[in-house]
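Chains, contacts and geometry: an overview
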Amino acid sequence: DRQAVTNPPFLPMVALHWADAHGGSEGWVSPADIEHKPREVRSVGYLIKRDETRFTIAQSHDTDADHIDNTLFIPGDSIRTLHFLTVDQPVVPSP
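Residues numbered from 1 in each chain as written. Predicted model: local features only at pLDDT ≥ 70, side-chain atom pairs only at ≥ 80, totals over all residues. Heavy atoms only, no water.

**A few points about the pairing of strand β2 (residues 13-20)**
Here β2 lies mainly inside the structure; seven of its eight residues are buried. Where β2 lies against strand β3 (residues 39-50), eight bridges are found, and the strand directions are antiparallel. Looking at the pairing, Ala15 lines up with Val44 of β3. In this structure, β2 lies alongside strand β6 (residues 79-85), joined through six bridges in antiparallel fashion. (Buried < 20%, exposed > 50% of the residue type's maximum accessible area, 1.4 Å probe, protein only. Helix = DSSP H or I, 4+ residues; strand = E, 2+ residues; numbered from the N terminus. Pairing = 2+ DSSP bridges.)

This is the structure we're talking about:
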C-alpha cells in the first residue's frame with residue numbers, strides 16, 4: 001500500500017537520521033583497519049513517497065510544474081529517526 005504525498009504547492013518536509021552502507025578502502029589494507037559499521041547520515045528534504053519499508057525524499061520541488069529534483073531513496077530498515085518539519089509560509093522579500 002503505497003502512499004504518494006503530492007499536495008502542491010507544499011510537500012511535507014522531513015529530517016531523517018539513517019544508517020548508510022559504504023565502500024571499503026582504496027587499494028590494499030589490513031582487515032583490522034576496515035571500518036565495520038554503517039555510516040550515520042542525516043538528510044533533509046521533501047517527502048515524496050513513504051510506505052512501510054521505503055522512503056523517498058527530494059531536494060527541490062518546482063511548485064509551478066509540480067516536478068521534483070535530486071531524489072534520494074532510503075530503505076525503511078535503515079531509518080533511525082524521522083521528524084516532520086514545520087515550514088513557515090513563504091514571504092516575498094522586499095526589494
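Don't stop here, the text continues.
**Details of the environment of His17**
By secondary structure assignment, the location of His17 is in strand β2. Given a relative accessible area of 16%, His17 falls into the buried group. With 62 residues separating them in the primary sequence, His17 and Ile79 have C-alpha atoms 6.1 Å apart. Beyond its immediate chain neighbours, meaning those up to four positions away, His17 contacts Glu40, Val41, Arg42, Ser78, Ile79, Arg80 and Thr81. (Contact = heavy atoms within 4.5 Å.)

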